[in-house]
Amino acid sequence: MKITGLNAGCMKILEVKNLKVYFPVYGGFLRRLKGYIRAVDNISFSVDEGEVLGIVGESGCGKSTLLKTLALLLSPTEGEIFFYFEENPIALHSLDKSARISIRPQIQIVFQDPFSSLNPRMRVWNIIAEPLLLHSNLPKEKVKEKVVEILEKVGLKEEHLYRYPHQFSGGQRQRIAIARALILHPKLLLLDEPTSALDVSVQAQILNLLLELKKSFHLTYILVTHNMGVVRYMAERIIIMYAGKCLELGKTEDIFKKPFHPYTHALLHSIPRLRKENKRKVILLPGEPPNPMNPPSGCPFHPRCPYKIEICEKISPDLQEIEKSSLVACHRAEELNLEGIF
Amino acid sequence: MSKPLLKIEDLWIVCENAPLPYPLLKGINLEIYSGEKVGIVGESGCGKTLTALSILNILPEGIKIEKGKIILFHNQATVSLHSLPQNSPQWLKIRGEIISMIFQEPSVYLNPTLPVGFQIMEPLIYHSRKLTREQQKRKAIEFMGKVGLPHPESLFHRFPHELSGGMKQRVLIAMALILHPKLLIADEPTTALDVTIQANILKLLLSLSQELKMSLLLITHDLSIIAETVDKLYVMYAGEMVEWGKTEDLLKSPLHPYLSSLINALPVLEREKKVLKPLPGTLPDPREKIKGCPFYPRCGKKLAKCKEIPPPSIKIDENHWVKCWMYENP
């Protein structure tokens, strides 16, 4: 069954349950285990087919780790990830090597920096054809046909086929990276800050291209970004991450109109505005995000939170439904009544 | 009218490291008055950073000022920065004491082998020799407090790798401001930082420039941080200033097609959710010879003569200038 257009799908494509990704840290003379970096700490969510899910957070909050785990580039420490392929759930967390390879064509990733994600010694042709040569045994003419087709889809031309990455601008390189990810016609495309290395004018080109491709390839996106403008433009739902945890999950418009978590609130109010008359009181958060080696007790946000009470320092709040399709992890979510920016 | 603190007149910068030397800046003009906050905005590669580097005469090798003037008016004296030789002792006074600079990537500009406190103190060691070490240290600690670094005494002995990105940028700001310069050049000071930290750093720069009565030259590619920070804005494209004037006027009623399409390409929160209008194409290669307007190939409103004749600077009113044929008086 193919679903076209926005908001049409309600079929799950991905389900993440209590996912934890920890990295051990060794130190001292004997390289003893000193502790763990909790990059992703107990995160659950699901993605519907055909939607764009945005993951927002500051650097170091674990959003890229989460994405790499979903792309099968890292293995989870605990928890479950199910990918629904032709309506059968596939447990991504417990795949063996051959099964992992066979599922890879369905989940592809586009990385942040197109200057380091393309091999400088490969021609565009080799870069884009490589996934096809690995995962299918099409004859060579057919491969070329497909490469040219995808190249034109992302806005490049056949004449670019035998050039090297250094001959392209940043935006064009990101187009090549997108072509490489799409050549296998994946179901799910993971985008790790796809435009943060690009200029504003080129950023808009790439964002529009991604929306166009989503329609024509029936894709589902998980978009990681720290730019609130980009996430509002692209995503239908947003996850707000902080220190490896999910603080808030909800529909984009709802979150911008009425955030429930004090961190989301501060995040929204620290976005610079283009027009002075729209300027509201900027909320400045004291301090810095916590050290992932040594997270604070209780709620991870409490050291910077202007609304903290005693319980925040002791008990970490669970993610709870506060309104229809809005989830928040805050002890005081209901009483705070925070103001959005619309 | 009073004299500006710094004035750049018809500045041309060429790259001589090529078989055919080519211009990187093509006759730019810039004025910064004392206490004024000025912004330069443009895409990467348009020459924003070069402008800043040329003010301090720290251009990379092979890139030289071909013609034009950079004039500093300070204490009733006039210094021509463009003709001051690189080894002139006057530079020591100008850099740091009158003009100071902070950079984009704070971790690259800090020495990883020295404690941050010492690095903040270092300008004092060279410039204020009258102070004793103890006084210098006290002043450094005072400034660390001023830029909002927590526990300055204990942080004084820490190394850059122990600090987060936002804290490192604060260290760099303290280092740049410790000699009370008259002008601070901030080259993309918040690009490497997160949104919440960015808001903090911008607020800090604004309040410090007020407190120390300092002018600020903010260089950025992000139009939205400009709106809340600077009074006067210069829009740069391919080595030229294409539009300049009061920030509010420029953002409210942009005249040059480049600025208006740049604003349209921005996924800002103001606009209702609709399709962004991207700017087609990319910045022209500086090695190419351009006859007419540099924006011609990407422009949506081009006229016949744009291709052949470069547009002059056209005055719209006292505070608004634009380089585009569309606004020529018939």
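Please read all numbers here as calculations on a predicted model, not as lab measurements.

## Regarding the overall build of chain B
When you go through chain B residue by residue, the secondary structure sums to eleven helices and twelve strands. Reported as C-alpha extents along the three principal axes, the dimensions of chain B are approximately 70 × 50 × 45 Å. Counting every position in chain B, which comprises 330 residues, the buried fraction comes to 55%. For chain B, contacts bridging at least 24 residues in sequence account for 63% of all contacts bridging at least 6. For chain B, the computed accessible surface area is about 15,100 Å², with 53% contributed by carbon and sulfur atoms. Side-chain charges in chain B split into 40 positive and 34 negative, and the spacing between the mean points of these groups amounts to 2 Å.

## Digging into the nonpolar core
Grouped together as the largest cluster of nonpolar side chains are 104 residues, with contacts concentrated most on Leu6, Leu81, Ile99, Ile185 and Leu223 of chain B. The element best represented in this core is helix α7 (residues 165-177) of chain B, accounting for eight residues. In this structure, Leu223 of chain B is in contact with Leu274 of chain A together with Val41, Leu233, Leu251, Leu259, Leu262, Ile263 and Leu266 of chain B, ignoring residues within four places of it in sequence.

## Things to note about the packing of helix α4 (residues 116-127) of chain B against α7 of chain B
Residue and element names in this part refer to chain B. Contact geometry of α4 with α7 gives a least axis separation of 7 Å together with a crossing angle of 25 degrees. In terms of orientation, α4 lies roughly parallel with respect to α7. In this structure, the crossing between α4 and α7 has a hand that is right-handed. Here α4 contributes Val116, Gln119, Ile120 and Pro123 to the contact with α7, which in turn contributes Val171, Ala174 and Met175. A per-class count over the contact of α4 with α7 returns six nonpolar, one polar and no charged.

## Focus on the interface of chain B and chain A
The interface of chain B with chain A comprises 42 residues on the first partner and 40 residues on the second. Buried area between chain B and chain A, both sides added, is near 3,800 Å², and the carbon and sulfur share of it is 56%. At the junction of chain B and chain A, the tally comes to zero salt bridges. One can count seven residue pairs in polar contact (both at pLDDT 80 or more) joining chain B with chain A. At the level of secondary structure, the elements contributing two or more residues to the side of chain B that touches chain A comprise α7, α8 (195-211), α9 (223-227), α10 (247-252) and α11 (257-264) of chain B. Top contributing element to the side of chain B that touches chain A by residue count: α8 of chain B, with seven residues. For the side of chain B that touches chain A, the per-class residue count stands at 20 nonpolar, ten polar and twelve charged.

## Observations regarding the sheet that holds strand β1 (residues 6-15) of chain B
Residue and element names in this part refer to chain B. The antiparallel open sheet is built from four strands, whose spatial order is β2-β1-β4-β5. At either margin of the open sheet sits one strand with a lone partner, and together these are β2 (22-32) and β5 (77-80). Pairwise comparison of adjacent strand axes, ignoring direction, gives a mean angle of 10 degrees for this sheet. Sitting on the sheet, helix α1 (residues 48-55) is in contact with β1, β2 and β4 (63-74), with an inclination near 115 degrees to β1.

## Thoughts on the sheet that holds strand β1 (residues 12-27) of chain A
All names here are of chain A. The strand order across the open sheet built from four strands is β2-β1-β4-β5, with neighbouring strands paired in antiparallel fashion. For this open sheet the edge positions go to β2 (32-48) and β5 (88-91), each flanked by a neighbour on one side alone. Ignoring strand direction, the axes of neighbouring strands in this sheet form an average angle of 25 degrees. Across the sheet, helix α1 (residues 63-70) touches β1, β2 and β4 (78-85), and the angle it forms with β1 is around 115 degrees.

## Comments concerning the environment of Asp187 of chain B
Residues and elements named next belong to chain B. One can find Asp187 in strand β7 (residues 183-187). A relative accessible area of 6% places Asp187 in the buried class. Sequence separation between Asp187 and Gln169 is 18 residues, and the spatial gap between their C-alpha atoms is 12 Å. Sequence-distant contacts of Asp187, that is, excluding residues within four places in its chain, are made with Thr49, Met101, Ile102, Phe103, Gln104 and Ile219.

## What to know about the packing of aromatic side chains
Residues and elements named next belong to chain B. Under the counting rule described, the total for this entry stands at ten aromatic pairs over all chains. Where Phe103 meets Tyr109, the ring centres are 4.0 Å apart and the plane angle is 10 degrees; that geometry is what we call stacked. The partly exposed category is assigned to Tyr109, whose relative accessible area is 41%. Geometrically, the ring pair formed by Tyr234 and Trp244 is stacked, given 6.3 Å between the ring centres and 15 degrees between the ring planes. Taken together, the positions of Tyr234 in strand β9 (residues 232-237) and Trp244 in strand β10 (residues 240-246) put the pair ten residues apart, joining distant regions of the chain.

## Observations regarding helix α2 (residues 90-98) of chain B
Those residues of α2 of chain B lying buried are Trp91, Ile94, Gly96 and Ile98 of chain B. The inward-facing, buried residues of α2 of chain B abut α1, β4, β5, β6 (99-102), α7 and β7 of chain B.

## A look at the environment of Phe103 of chain B
All names here are of chain B. Here Phe103 lies in the loop between β6 and α3 (106-109). Taking the relative accessible area as the measure of exposure, Phe103 reaches 18% and is therefore buried. Remark: the alpha-carbon pair of Phe103 and Ala176, spanning 73 residues in sequence, is separated by 10 Å. In contact with Phe103, other than residues within four places in its own chain, are Tyr109, Gln169, Leu172, Asp187, Glu188 and Pro189.

## Focus on the confidence of the model for chain B
Across chain B, pLDDT averages 89, with 98% of residues at or above 70. Here the predicted complex scores 0.85 on pTM and 0.79 on ipTM.

## Things to note about the pattern of salt bridges
Residues and elements named next belong to chain A. In the structure shown here, the tally under the stated rule is 25 salt bridges over all chains. With a closest N to O distance of 4.0 Å, Lys144 and Glu158 form a salt bridge. Taken together, the residues Lys144 in helix α4 (residues 140-153) and Glu158 in the loop between α4 and α5 (170-182) connect sequence positions 14 residues apart. You can call Lys144 partly exposed: its relative accessible area is 31%.

## Some remarks on the environment of Ser116 of chain A
Among the secondary structure elements, Ser116 of chain A is positioned in the loop between β6 (107-110) and α3 (124-135). Each C-alpha atom of the pair Ser116 of chain A and Arg180 of chain A lies 14 Å from the other, and the pair is 64 residues apart in sequence.

## Let's talk about the pairing of strand β7 (residues 188-192) of chain A
Residues and elements named next belong to chain A. Burial runs high along β7: five of the five residues are buried. Judged by which residues are buried, β7 turns out to be covered on both faces: Leu188, Leu190 and Asp192 on one side and Leu189 and Leu191 on the other are all buried. Both β6 and β7 contribute to a ladder of four bridges, which runs parallel. Bridging across to β7, Val110 finds its partner in Leu191. Note that β7 and strand β8 (residues 220-225) share five bridges and pair parallel. Of the residues in β8, the one forming a bridge with Leu190 is Ile222. Between the parallel pair β7 and β8, the chain is carried across by helix α6 (residues 200-217), and the sense of this crossover is right-handed.

Conventions and cut-offs
Residues numbered from 1 in each chain as written. Chains lettered and ligands numbered in written order. Predicted model: local features only at pLDDT ≥ 70, side-chain atom pairs only at ≥ 80, totals over all residues. Heavy atoms only, no water. Helix = DSSP H or I, 4+ residues; strand = E, 2+ residues; numbered from the N terminus. Buried < 20%, exposed > 50% of the residue type's maximum accessible area, 1.4 Å probe, protein only. Contact = heavy atoms within 4.5 Å. Areas by Shrake-Rupley, 256 points an atom, 1.4 Å probe, with all protein chains shown as cover. Lys, Arg positive; Asp, Glu negative; His and termini not counted. Charge placed at Lys NZ, Arg CZ, Asp CG, Glu CD. Core = buried A, V, L, I, M, F, W, Y, C linked by side-chain atoms within 4.5 Å. Axes fitted to C-alpha atoms, helices over the stretch in contact; angles between N-to-C directions. Parallel < 35°, antiparallel > 145°, perpendicular 65-115°, else oblique. Left-handed = near helix turned anticlockwise from the far one by under 90°. Nonpolar A, V, L, I, M, F, W, Y, C, P; charged D, E, K, R; others polar. Buried area = accessible area lost by both parts, 1.4 Å probe. Salt bridge = Lys/Arg side-chain N within 4 Å of Asp/Glu carboxyl O. Polar contact = N/O pair within 3.5 Å; in protein donor to acceptor, adjacent residues only side chain to side chain. Pairing = 2+ DSSP bridges. Phe/Tyr/Trp six-rings, centres within 6.5 Å; stacked < 30°, edge-to-face > 60°. pLDDT = per-residue confidence, 0-100. Right-handed = clockwise from strand over helix to strand, strands pointing away.

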